[in-house]
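Listed below, chain by chain, are the residues.
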Amino acid sequence: MIPRTTVDISDKELEAVKRVLKSCQFVKGKEAQLLEEEFASLQGVKFAATVNSGTSALHLSLLALGVHQDDEVILAPNTFAATVNAVIIAGGIPIFSDINPETFSLDSESVKEKITDKTKVILPVHLYGLISNMDSISEIANNHDIAILEDACQSHGAEYQGRRAGSFGDLAAFSFFPTKNATVAGDGGIVVSNNEQLIEKIKALRDHGRIKNQHVVAGLNNRLSEILAAIGRSHITKLEQFNEHRRKIAKVYNDNLKDLPGVVLPFELEGSKHVYHLYTIKTDRRDELKNYLKDKGIGSKVMYPERLNDLDYVKKVTKYQDMPVNDKVSKQILSLPISGTLELSLIEKVCSEIINFFT
Ligand SMILES: Cc1ncc(COP(=O)(O)O)c(C=O)c1O
C-alpha cells in the first residue's frame, strides 16, 4: 500500500520529550515560549502564541478580533469543518464566498459581493499549502476596514511574493496536527501576528483569562503542553527540508502528468512558494480514478467531500448561498500521496498507474 502521507519522528523528538519529563515543568514553561519565538521568526512575523490546536487558534483569534453575536465572517465552503466551527462557536455568522478554481481559495469578486455593514472578518484558507490571493483580499479588507484572519493551518513555510503565510492578516492560525507540514506529534496550534496587543489577548484567552495572575476576561484552558511544544521545536527545524521534499514530489507529479489529457495540475504563482500540504489534481473522472488507485493499493483522498454550507448545523445559522465554481471543482478534486518523507520512487509508481488509467 502506498499511504497518502507519513510523519517523521526521530531521536531528536525523543530527546525533547526526555528533556521536559526530567524538568517536571509540564505547562507554562520555556519550551512553549521558545516555540513561539522560533516559529514567529520562521514565518517572518514578530509575535506568536501557542495553543492546543489549530481549531483553538482560529477560535481564540476570532474572539481576540472582537467577533460576537451576529458579526459576519466571510469564508470559503471548501475547507475543513474546523474553520466554520470556530466562527459559529465564537458567535459569528458564516457567510460563504465562491472560490477561485486555480487557488481553491476565496474569489475576490465573490467576496466583494458578500460584504455588508456587519462584516467583521475575512477568513481566507491557504488551502493545500498555497497562499490565497492576498493582494486583492488585503485591498478589500483595507477599503472596508475589515480584519483578516488567515487560516494557515495547511501552509507552514508557504510564500506569496516573498512573504510567508501568517504575515498578511491581523492574525493567522496554524495547526500542528500530525499530518501537517510541521507537527507536535499530537494536537497543537499557534497564532502569529505583528500586532502584540492581539497576541497578548490570545495569551490571556488561552489561560483562563489571566494576565499576570489577574483574571481579566472570561478565558479557556487552551494552552499547549511543554512536551508537545518541545517536540514542535525539534520538528520545525526540519520544516524547510520537509517542504523541499514535498516540492520535489510535486515536481515528479508535474513532470509525469503534465501532458495527460483530462488532468489539471495544481496552480503555482511565479515568485511564490506552494508547500504542497496536499498535491491536488482536478479531473472529471475523479471517482473512477480514486477507485482504480485503491485497487492498485494507492491511497488518495477527496479533501473536502462536503460543502460546509450544506451541513445541517451550518444551514441553521446562515442563508443559502449559490457557489457554482465550488460546486464544479468539488466534483473534480483528488489529493494524491505526498509527505515530507515519502520516497520519490513510490511517487513514480503512482504516476505510472495514473498514466495507465488515462491511456
Ligand atoms: C484548513 C484547516 N483549518 C483548521 C484545521 C484545524 O486544526 P486542528 O486539527 O489542529 O484543530 C485544520 C486541520 O485539521 C485545517 O486543515
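Note: the structure precedes this text.
Residues numbered from 1 in each chain as written. Predicted model: local features only at pLDDT ≥ 70, side-chain atom pairs only at ≥ 80, totals over all residues. Heavy atoms only, no water.

## Let's talk about the packing of helix α1 (residues 11-23) against helix α8 (residues 226-236)
Next up, step 1: At a minimum axis separation of 8 Å, α1 and α8 run at an interaxial angle of 145 degrees. Every pair of crossing elements has a handedness; the one defined by α1 and α8 is right-handed. Residue-level contacts link Lys12, Glu13, Ala16, Val17, Arg19, Val20 and Leu21 of α1 to Glu226, Ile227, Ala230, Ile231, Arg233, Ser234 and His235 of α8.
Next up, step 2: Looking at the contact of α1 with α8 residue by residue, the classes come out as 7 nonpolar, 2 polar and 5 charged. (Axes fitted to C-alpha atoms, helices over the stretch in contact; angles between N-to-C directions. Helix = DSSP H or I, 4+ residues; strand = E, 2+ residues; numbered from the N terminus. Left-handed = near helix turned anticlockwise from the far one by under 90°. Contact = heavy atoms within 4.5 Å. Nonpolar A, V, L, I, M, F, W, Y, C, P; charged D, E, K, R; others polar.)

## Re the packing of aromatic side chains
Next up, step 1: One pass over the structure, following the stated rule, counts 9 aromatic pairs.
Next up, step 2: Here the aromatic rings of Tyr253 and Tyr279 are separated by 4.5 Å at their centres, their planes lie at 25 degrees, and the arrangement is stacked. Here Tyr253, found in helix α9 (residues 239-257), pairs with Tyr279, found in strand β12 (residues 279-282); they are 26 residues apart in sequence, far enough to count as distant. The burial state of Tyr253 is the same as that of Tyr279; both residues are buried.
Next up, step 3: Pairwise contacts between aromatic rings join Phe39, Phe174 and Phe176 into one cluster. (Phe/Tyr/Trp six-rings, centres within 6.5 Å; stacked < 30°, edge-to-face > 60°. Buried < 20%, exposed > 50% of the residue type's maximum accessible area, 1.4 Å probe, protein only.)

## A word on the pattern of salt bridges
Next up, step 1: Applying the stated criterion across every chain, the model contains 22 salt bridges.
Next up, step 2: Its salt-bridge partner being Glu13, residue Lys238 comes within 2.9 Å of it at the nearest N-O pair. On the criterion of sequence distance, the pair formed by Lys238 in the loop between α8 and α9 and Glu13 in helix α1 is long-range, its members being 225 residues apart. As far as burial versus exposure is concerned, Lys238 and Glu13 are alike and both buried.
Next up, step 3: Residue Lys18 pairs with Glu15 through a salt bridge whose shortest N-O separation is 3.7 Å. Of this pair, Lys18 and Glu15 both sit in helix α1, separated by 3 residues, roughly a single helical turn.
Next up, step 4: Classification of Lys18 as partly exposed rests on a relative accessible area of 45%.
Next up, step 5: We classify Glu15 as partly exposed; its relative accessible area is 45%. (Salt bridge = Lys/Arg side-chain N within 4 Å of Asp/Glu carboxyl O.)

## Digging into the packing of helix α10 (residues 286-295) against helix α13 (residues 344-358)
Next up, step 1: Running from N to C, α10 and α13 point in directions that differ by 130 degrees, and their axes come no closer than 10 Å. Taken as axis vectors, α10 and α13 run oblique relative to one another. The chirality of how α10 crosses α13 is right-handed. When α10 is examined against α13, the residues Glu288, Leu289, Tyr292 and Leu293 are found in contact with a partner set consisting of Glu353, Ile354, Asn356, Phe357 and Phe358. (Parallel < 35°, antiparallel > 145°, perpendicular 65-115°, else oblique.)

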